[in-house]
Structures are given as C-alpha cells and as structure tokens.
Amino acid sequence: MRILLSLVVMVTWALPQAEASVVYDTGFEPPDFVLGPLRGQDGWVGDPSVVGSVQDAVVESGTQAVVVVGNNNDLGRNFTVDPTEPIHVTFDWNLGDVTDPGGAWRVQFFAGGFLGGIQAFDSDSQLRIRGIGSDFGTGVIVPRNEWHEVELVLDLQAGTLTGFYDGVQVGPPQAFPPTSATTLNLSLRPAGQVPADESWLDDLNVENPEVLEPVPTMGEVARIVLLMAVVLSGAVLIRFRSA
C-alpha cells in the first residue's frame, strides 16, 4: 500500500500543469521605485503634463503607491506579451475626491492601435468598460477614497476585453479588432480640465498564462492510478507464486 501511495504521489507531481507567466508585478516599492515622478522610472514614459508620482501618503499595501492627475494625455508602459494567450491585468484602484465635474479617470490599452479599457466619470462615478465604438456602463458606482481590485482580461486574438471589479465580472466582454501584436501598452489617462481627479494605483500585476501541454482530466488520472494498481498487484502475485 505504501508503494502504491508513493506511485500515486509521483504521478500527480509529474503531471503537466498550467503556469502563469508573470510579465510584470510591482507595488511601486523601493528600491525599484523612489518617491517622485513616475515618468522615467522602470520603463514608465509619458507626456509631462500628466502628473504621475510615486508617493507614500495613500497606499493599499506596502509603503508606496502611484497618484495620477493630468489632462487628456498618457502616462504608460509597454509589455512584451504572447498574443495567443489571454492577458490578465490586475491592480488596486482608489478613486479620489471630485475636483473637476467634467473629468474622468481611465486605464486603457493599445496594441497596434487602441483596444479599450475602463473609465469612471466624475459626473456619476460609474465604472465603464470600453471597446472600439462601445462604452458599457456597468452600473457599478465606484466609491471615493476606497481601495478596490480591478482585473481586465484581454484576448488579443479573439478581440475581447472583459472587466472584473472585486472579483466579479462586470458586463459582457467588449470588442476590439483582433491583433497579433506582441507589445501591449498600458496607459493611465486622466481626462478633463486640470486639475482632474486624483486617483491612486497600487499592486499592478500583468500575467500572460501559458499552458505547457494539455493537463489530464481527473478521470484520466484515475485510470492511470487503476492501471498502476493492477500492474502492482500482478507483480505481487507473481512474486508470491514464485516463493
């Protein structure tokens, strides 16, 4: 029995598994980031009119996070991705006080052209998912001055963007033209008259899951274990008769 159990453990351990390829993972912590402008740190670039700074006054975890204030320009970073696999972008988001009733705060994506993203307008604070020619109101009202988790899943070849808020899918996937681009740009873009809303971003993670090879089902695993048990019992019987 101990031998059979050991073999089961070995087979389970040896089964091919799906792994998540981490493209980028940061809490904007030192030593990779220092207090001050985000632009110029760790590959982040953008228009100087977008005030994006690493600060330590409002954080979700750790000691630092990013605050963004600006006017219709982009502050972003490029990532190399595999377009054949879904891309999961997760971050903690804190929408600040209203300073411009006509403003908005956006996270959006480009890969060979504009794909889509999320936004919340000052007028109603409703979370909206954007695609090409679509701006879906999710009905979720984003509270001010609270941290919430946002996840965006992009399927570049299918041309879809799906949004999740605190782990719950919000609305149907939004469409964009399928692309095989291998460079994804994530852009933080406040909109409206300066000063637009302050918003904070923390714990940014970009993953591009990759399946190494098909993973056997539980039924297939059970059949493997049963076959091993039959082989093992046969070997024991032959040994008994030989004795």
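What counts and what doesn't
Residues numbered from 1 in each chain as written. Predicted model: local features only at pLDDT ≥ 70, side-chain atom pairs only at ≥ 80, totals over all residues. Heavy atoms only, no water. Helix = DSSP H or I, 4+ residues; strand = E, 2+ residues; numbered from the N terminus. Buried < 20%, exposed > 50% of the residue type's maximum accessible area, 1.4 Å probe, protein only. Contact = heavy atoms within 4.5 Å. Areas by Shrake-Rupley, 256 points an atom, 1.4 Å probe, with all protein chains shown as cover. Salt bridge = Lys/Arg side-chain N within 4 Å of Asp/Glu carboxyl O. Pairing = 2+ DSSP bridges.

(A) Fine view of the overall build of the protein. When helices and strands are tallied, the protein shows two helices and 19 strands. Sorting the 243 residues of the protein into buried and exposed places 42% on the buried side. Partitioning the intrachain contacts of the protein with sequence separation of at least 6 by distance along the chain shows that 65% fall at a separation of at least 24. Of the roughly 12,300 Å² that the protein leaves accessible, carbon and sulfur atoms contribute 59%.

(B) Summary view of the pattern of salt bridges. In the structure shown here, the tally under the stated rule is two salt bridges. Among the salt bridges present, the one from Asp-42 reaches Arg-77, with a minimum N-O distance of 3.8 Å. Linking Asp-42 in the loop between strand 3 (36-37) and strand 4 (45-46) with Arg-77 in strand 7 (residues 75-80), this pair joins segments that are 35 residues apart in sequence. On the basis of relative accessible area, Asp-42 is assigned to the partly exposed category, the value being 34%. The partner of Asp-135 in a salt bridge is Arg-128, and the shortest N-O contact between them spans 3.2 Å. Looking at Asp-135, the relative accessible area reads 34%, which means it is partly exposed. Judged by relative accessible area, Arg-128 falls into the buried class, the value being 17%.

(C) Structural view of the pairing of strand 18 (residues 199-207). The buried fraction of strand 18 amounts to seven of the nine residues, a majority that puts the element mostly inside the structure. Sheet topology places strand 2 (residues 22-26) next to strand 18; four bridges connect them, and they run antiparallel. Bridge pairing in strand 18 places Val-22 opposite Glu-207. Across three bridges, the pairing between strand 6 (residues 65-69) and strand 18 is antiparallel. Along strand 18, the bridge assignment pairs Val-66 with Leu-201.

Don't take any of this as a statement about function, it's just geometry.
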